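Architecture at a glance
In case you want the letters, here they are:
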Amino acid sequence: MSAASSLLSEEQFLCSICLDVFTDPVSTPCGHSFCKNCITQHWDVSVQCQCPMCNNLFYRRPELHVNTFISEMAAQFRKSAQMKASSCPDQRCAKPGEVPCDVCTGTKLKALKSCLVCLASYCETHLEPHQRMTGLKKHKLIDPVENLEGRMCKKHDRPLELFCKTDQMCVCQFCTESDHKSHHFVPLKEGCEGKKAELGKTEAEIQQKIQERRLKIEEIKHSVELSEEDADREIADSVRVFTALMQSVERGQAELIETIQEKQKTTEKQAEGFIKELEQEISELMKRTAEVEQLSRTEDHLHLLQSFPSLNTPPHTKDWTEVSVHRSSYEGTVRRAVAQLEETLRKEMEKLLVVELKRVQQYAVDVTLDPDTAHPVLILSDDGKQVNHGDVRKNLPDNPERFSPCACVLGKQSFSSGRFYYEVQVKGKTEWDLGVARGSINRKGGITVSPKNGYWIVCLRNGNKYKARADPRVLLSVKSKPQKVGVFVDYEEGLVSFYDVDAAALIYSFTGCTFTEKLYPIFCPSFNYGGENSAPLIISPVNHTD
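What you see is a predicted model, and the numbers here were worked out from it, not measured in a lab. (Residues numbered from 1 in each chain as written. Predicted model: local features only at pLDDT ≥ 70, side-chain atom pairs only at ≥ 80, totals over all residues. Heavy atoms only, no water.)

Within the chain, the regular secondary structure consists of eight helices and 21 strands. Relative to its length of 546 residues, the chain is extended, with a C-alpha radius of gyration of 51 Å against a globular reference of 24 Å. Taken over the C-alpha atoms alone, the chain extends approximately 175 × 100 × 35 Å along its principal axes. Here the chain holds 546 residues, and 32% of them are scored as buried. By sequence separation, contacts in the chain at least 24 residues apart represent 56% of the contacts at least 6 residues apart. Within the chain, the 77 negative side-chain charges are centred at a point lying 8 Å from the centre of the 70 positive side-chain charges. (Helix = DSSP H or I, 4+ residues; strand = E, 2+ residues; numbered from the N terminus. Rg over C-alpha atoms; globule rule 2.2 N^0.38 Å. Buried < 20%, exposed > 50% of the residue type's maximum accessible area, 1.4 Å probe, protein only. Contact = heavy atoms within 4.5 Å. Lys, Arg positive; Asp, Glu negative; His and termini not counted. Charge placed at Lys NZ, Arg CZ, Asp CG, Glu CD.)

The structure is reproduced here in structure tokens:
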């Protein structure tokens, strides 16, 4: 066994997974060997069961048995290697990842230096000539490295000792006199210091990006937490509302059934009284019939004549001709029960709308009017919070952003994600338009206001007609004339909602919208109509609903 092991190299006893001498070696059906523990763990974490060496795929995991022959050979080799290592205790054998001596045969020892002239690495023993011989002493020795060829100039076969700052590359001494003549050179150390400074900046930038992304992760996690809280709140509210509705339905159904049953009981009681009375009369009549029949068969002439007056007259009975059982009327009973349910539902809806308005008010933003977009006839307040029709057209530059001839103005602020909400006072007005619009809308000439053209707007006309300018137009029903209108947008959900703030009521919602660019608040106070509609639209601070 000792003679055989001396003919084998270390590579033949190394597991290709752990890169160490085999421990409990096993062989796959394709003929490759691995440590039993290594191949087992490899297959445990792999999606497919295949050989790490040749990628041969096994559809069923092979049953593995320790190869006793290889195990004995590996043990013998390990023992032999340990004996060799003990024979030179001052030198260490090269381990995987360390640079081995290029001169050593058999077991490779760890290299102490690499020579840029010889293009070889040497252990302590084989380095000795470079420390003793005069010619070899002049060679350039460096700490042991692999790929020494890569440190040599491919053109001049000389060590790369300088850094050309002009071409940003490493060169040899001969390069400075040929291809890189008149270029700016520095020693490799100096070039490295400059690059290290750049790497420092790069590292700082990377660290900043890492920090930014960690903060973004925290932001996303926080958003998920808030979303979860919102979802829990919505579930709780929905459970409360539907529980109340189901209880109301059950209660209404029970009351309806009870009412119907009470009416039926009254009818049955009346019928029972009539039937009892009729049965009594039938009994009396049957009794009289029996007496008459018996008298008619008697041969006692005196008895018949004496009894005839009393039996010839029928017993007194009630006239049942007009008597009847009145069927109970149930008309309106179900309708009244449903009306009660509708009233309960209406009250629950009002409660929900109050909660909904409170939530959307959390997304309040500060909106101001953009004078560069205002039609020349509009008058804007100095603080950019009010706009009304001025009747007189001002001489203003007709820039591309300005509306003409449509008397509108946009808000300065734009939104391309998330949610936002603002409120506008419309008190005292008979006409107005409010909503949001895309930044790319047509602002010149005739404008058709619709979602298809980038407008999501609700308007008032003639003092009492509220419309959603959808496709087609929607005539809205409002219980009371809004004095302040709230506008809420959820960009990602494609939702634009309008609220009567004081009544905490929903006016209208555009749903299923697709937003792909910036959205701007849009305002149109409409004409003055001789002072009838002169009140301004006022962007109001949001006072959260109680």
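Read on, since the account is not over.
Ordered in space as E9-E10-E21-E12-E17-E18-E19, the seven strands form an open sheet in which the pairing is antiparallel. Each having just a single partner strand, strand E9 (378-380) and strand E19 (505-510) make up the two edges of the open sheet. The mean inter-strand angle of the sheet, taken between neighbouring strand axes irrespective of direction, is 20°. When strand E17 (residues 484-490) meets strand E18 (residues 495-500), the two strands line up antiparallel, connected through six bridges. Note that in E18 the partner of Val 489 across the bridge is Val 496. Packing against the sheet, helix H8 (residues 333-360) makes contact with strand E12 (419-425), E17, E18 and E19, and its axis sits at approximately 115° to E18. (Pairing = 2+ DSSP bridges. Axes fitted to C-alpha atoms, helices over the stretch in contact; angles between N-to-C directions.)

Checked against the element boundaries, Lys 484 lands in strand E17. No salt bridge is formed by the buried Lys 484. Its closest oppositely charged neighbour is Glu 423, at 4.3 Å. (Salt bridge = Lys/Arg side-chain N within 4 Å of Asp/Glu carboxyl O.)

Right, let's talk about a negative patch on the surface for a bit. A cluster of acidic residues, Glu 218, Glu 225, Glu 228, Glu 229 and Asp 232, forms a negative patch on the protein surface. Looking at where Asp 232 falls in the secondary structure, it is placed in helix H6 (residues 188-296). Here Asp 232 falls in the partly exposed class, since its relative accessible area comes to 44%. (Patch = residues over 30% accessible without salt bridge, like charges linked within 9 Å, V, L, I, M, F, W, Y side chains within 5 Å. Areas by Shrake-Rupley, 256 points an atom, 1.4 Å probe, with all protein chains shown as cover.)

The subject of this paragraph is the packing of aromatic side chains. Applying the stated criterion across every chain yields a total of 11 aromatic pairs. With a centroid separation of 6.1 Å and an interplanar angle of 75°, the aromatic rings of Trp 43 and Phe 58 are classed as edge-to-face. Here the residue Trp 43 occupies a position in helix H2 (residues 36-45), and Phe 58 occupies one in the loop between H2 and helix H3 (68-87), the gap between them amounting to 15 residues. There is no split in this pair, since Trp 43 and Phe 58 are both buried. Its end group placed over the ring of Trp 320, Lys 318 keeps NZ or CZ at 4.7 Å from the ring centre. (Phe/Tyr/Trp six-rings, centres within 6.5 Å; stacked < 30°, edge-to-face > 60°. Lys NZ or Arg CZ within 6 Å of the ring centre and 35° of its normal.)

Turning our eyes to something else, we now look at the pairing of E12. For E12, the tally of buried residues reaches five of seven residues, placing the bulk of the element in the interior. Of the strand pairs in this sheet, E12 and strand E21 (residues 537-540) are connected by three bridges, and their pairing is antiparallel. Its bridge partner lying in E21, Glu 423 is registered against Ser 540.

On to the pattern of salt bridges. Pairing is possible between side chains that carry opposite charge, provided their charged atoms lie close to one another. Applying the stated criterion to the full structure yields 19 salt bridges. With a shortest N-O distance of 3.8 Å, Glu 212 and Arg 213 are connected by a salt bridge. Residue Arg 213 is classed as partly exposed on the basis of its relative accessible area, which comes to 47%. Linking Lys 444 and Asp 398 is a salt bridge whose minimum nitrogen-to-oxygen distance equals 2.5 Å. Placement of the pair is Lys 444 in the loop between strand E13 (432-438) and strand E14 (455-461) and Asp 398 in the loop between strand E10 (386-389) and strand E11 (409-410), with a sequence separation of 46 residues. Lys 444 gets classed as partly exposed once you look at its relative accessible area, which sits at 28%. Several salt bridges converge on common partners, so that one network encompasses Glu 234, Asp 237 and Arg 359.

The next point concerns the packing of H6 against helix H7 (residues 301-312). Packing of H6 against H7 leaves a shortest axis separation of 11 Å and a crossing angle of 155°. Judged on the interaxial angle alone, H7 and H6 are roughly antiparallel. Where H6 crosses over H7, the two elements pack in a sense that is left-handed. When H6 is examined against H7, the residues Arg 288, Glu 291, Val 292 and Leu 295 are found in contact with a partner set consisting of His 303, Leu 304, Ser 307, Phe 308, Ser 310 and Leu 311. Classifying every residue of the contact of H6 with H7 by side-chain character gives five nonpolar, three polar and two charged. (Parallel < 35°, antiparallel > 145°, perpendicular 65-115°, else oblique. Left-handed = near helix turned anticlockwise from the far one by under 90°. Nonpolar A, V, L, I, M, F, W, Y, C, P; charged D, E, K, R; others polar.)

Paired through backbone hydrogen bonds, the strands of a sheet run either parallel or antiparallel to each other. Strand order in this open sheet of six strands is E11-E20-E13-E14-E15-E16, and the pairing throughout is antiparallel. Every other strand in the sheet has two partners, leaving E11 and strand E16 (474-476) as the edge strands with one partner each.

Another aspect to go through is H2. What H2 keeps buried is the set Cys 38, Ile 39 and Trp 43. Buried residues along H2 cover an arc of 125° about the axis, so they all sit on one side. In H2, the exposed positions that point more than 90 degrees away from the buried face belong to Asn 37, Asp 44 and Val 45. In this structure, the buried side of H2 is in contact with strand E1 (25-27) and strand E2 (33-35). (Arc of directions from axis to C-beta.)

What follows concerns the side chain of Ser 114. Following the sequence through the fold, Ser 114 ends up in strand E3 (residues 113-115). Those residues in contact with Ser 114 that sit more than four places away from it in its chain are Ala 120, Ser 121, Lys 140, Leu 141, Ile 142, Asp 143, Pro 144, Val 145 and Leu 148.

With that out of the way, let us pick up unusual backbone geometry. For the peptide bond that leads from Ser 404 to Pro 405, omega is 10°, which places it in the cis range. In this chain, Asp 471 is followed by Pro 472 through a cis amide linkage whose omega measures 0°. Inspection of the secondary structure assignment puts Pro 472 in the loop between strand E15 (465-468) and E16. Even without being glycine, Ser 182 reaches a positive phi, approximately 70°. Following the sequence through the fold, Ser 182 ends up in the loop between strand E7 (169-171) and strand E8 (185-187). Even without a glycine there, the phi angle at Asn 462 is positive, about 55°. Overall, Asn 462 belongs to the exposed group, its relative accessible area being 57%.

The next thing to look at is the confidence of the model for the chain. Fine structural detail should not be taken from predicted coordinates in areas where pLDDT scores are low. With 94% of its residues at a pLDDT of 70 or more, the chain has an overall mean of 86. Considering each helix and strand of the chain separately, the mean pLDDT is smallest for helix H1 (residues 2-6), with a value of 44, and largest for strand E20 (residues 519-524), with 98. Note that pLDDT drops below 50 for residues 1-6; the model gives that stretch seven contacts with residues more than four away or on any other chain. (pLDDT = per-residue confidence, 0-100.)

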